[in-house]
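Summary of structural features
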Amino acid sequence: MWVARQFLTSIVQRAQPGLFRGTPHCSLPKFELRYLQCTCCWRSRVPVAGFETLNASIVGSGPCKDDDNKPLDAYYTPEQKEAILKLLNNASLPELSGVKLLRGRKSLNIVDYRTKNGPFKTLESVVNVPLLKHKSAVVVFNSILNPVKKERKVKINLAKFIRPEVERSWLEDAGSIVSIVCGTNKIAWAHVDRGMTLLDWQQMECPNFLKGTYMASFYLTDVSTVVENLPEADFYIIEKSSISVQNTALFPIMAHMRTVEAMLFALLEPRVPQPEPNIPPRVLNMMRTAVGRHFGLMVGESRTSGAETVKKLMTESVTQKLPRINFPSELLVKHRNSFQMGSRRSGEELCDALLQAVAFYELLNESSG
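Numbering of residues starts from 1 in every chain and runs along the sequence as written. Residues qualify for local features only when their pLDDT is at least 70, as the model is predicted, and side-chain atom pairs are given and counted only at 80 or more; totals for whole chains, interfaces and linings, by contrast, use all residues. Side-chain calculation: all heavy atoms of the structure are included, whereas hydrogens and water are not.

Looking at the environment of Val358
As a reminder, the rule being used: Helix and strand definitions follow DSSP, with helices as H or I runs of at least four residues and strands as E runs of at least two, each counted in order from the N terminus. Contact between two residues is taken to exist if any of their heavy atoms lie within 4.5 Å; hydrogens are not considered.
In this fold, Val358 is placed in helix α13 (residues 348-367). Non-local contacts of Val358, meaning those with residues more than four positions away in its chain, are made with Met196, Phe295 and Ile325.

Some thoughts on unusual backbone geometry
For the peptide bond that leads from Arg163 to Pro164, omega is 0°, which places it in the cis range. A positive phi angle is found at Leu210, which is not glycine, with a value near 55°. Among the structural elements, Leu210 can be located in the loop between β7 (198-205) and α8 (216-229).

Notes on the nonpolar core
Defined as follows: As used in this record, nonpolar core signifies buried Ala, Val, Leu, Ile, Met, Phe, Trp, Tyr and Cys residues forming a set joined through side-chain atoms within 4.5 Å. Working definition: with a 1.4 Å probe on protein chains only, accessible area under 20% of the residue-type maximum means buried, over 50% means exposed, and in between means partly exposed.
Core analysis: the biggest nonpolar cluster contains 45 residues, and Leu198, Trp201, Met286, Ile325, Phe327 and Phe360 have the highest contact counts within it. Per-element accounting of this core gives the leading share, 12 residues, to α13. Aside from chain neighbours lying at most four places away, what touches Ile325 is Val192, Met196, Leu198, Leu313, Ser317, Leu354 and Val358.

Things to note about helix α5 (residues 105-117)
The line we're drawing: To estimate the expected span of a helix, subtract one from its residue number and multiply by 1.5 Å.
The end-to-end C-alpha distance of α5, which contains 13 residues, comes to 18 Å, matching closely the 18 Å that a straight helix rising 1.5 Å per residue would cover. Just downstream of α5, Gly118 is the residue with a positive phi angle, here 90°.

Comments concerning empty space enclosed by the protein
So the rule is basically this: Detection works on a 1 Å grid of protein atoms alone, calling trapped sets that fit a 1.4 Å probe cavities and calling open sets with protein on both sides within 12 Å along at least five of seven lines pockets, with lining residues defined by an atom within 4 Å of a point. Grid points are joined across faces, edges and corners, and a volume is the space filled by probe spheres set on the points. The classification used treats Ala, Val, Leu, Ile, Met, Phe, Trp, Tyr, Cys and Pro as nonpolar, Asp, Glu, Lys and Arg as charged, and all other residues, Gly among them, as polar.
For the structure on display, the rule yields six cavities of 30 Å³ or more. A volume near 100 Å³ is recorded for the largest cavity. Considering the residues around the largest cavity, the lining is formed by Ile180, Val181, Cys182, Ile238, Glu239, Ser241, Met257, Arg258, Val260, Glu261 and Leu264. Mapped onto the lining of the largest cavity, the elements with two or more residues apiece are β5 (176-182), β8 (235-240) and α9 (251-268). Here the lining of the largest cavity takes five residues from α9, the largest share from any one element. When its residues are assigned to classes, the lining of the largest cavity shows seven nonpolar, one polar and three charged.

Shown next as structure tokens:
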């Protein structure tokens, strides 16, 4: 799908209600961007004659494709294909985990796939493995052919933002994460890849939350429905609230948060007979206060709303060449009115899920410096 940045800029400048309400037209940078940009890779550009050609260009164009749509096997010699397939078909789980991008869930998925379907016969068939697409498969193949020297494993400082303790290399190899935030009557999530592109961003109402006496079966119904709708990712990051157990007035809310958190962990973490040392946990906690401090949203020990910060990120996605996070046009249109002052609470979980995802990648980069 192709998106004209000039078109998006015009939307921002004309919008009255919602996201850009009250923003003077002159406050936005004036761009003369006369090209279409691909939302798949955010790099390819096609010059256009003018705004009047936009509709025809969008209708007539499709997703990015390889130059000649060759299968992966066509890019490697027979000897190289044999070496790659030999490792993928015979390597043990620890050996697969030593290949770049195969740490964690991907190596387990390869073992599961070849157990159920037999050995890989072509390189193209590898993309049928969950979490392995063409781009990541090429990295894996090249890593098999040209293995790099293993570096000393460095662990993330638990006190900063992630629990339980995990090796940084596992997090750095993740192709995408799903950031999940629980509210009192809804759960929101943001699916973001490591290229800082927002892939999915939505929330679901949970009508049984905080009803009656925390009926487990009712809670399980709502949480299971959410889990069924979550996209596939390498890691699921669940917000860890900062409510103190000593604050008795908020104890019902804390009990609610912990109940939902426990169910998410149980439903999202794969069940394996014996935990493998080379397989990281799939579900992690991220401290709410760490995200608040990262974006300057803390007032004392309390965290303020992140709505203004999210609106700024959305604006930058349209007006800046290299924004902190890229928003697809359909998600900009869908959520541009979600964070008005009059209905701020309706989008609070959406804000928090997005900010948690952005903070995850940015804090991870800082910790590796």
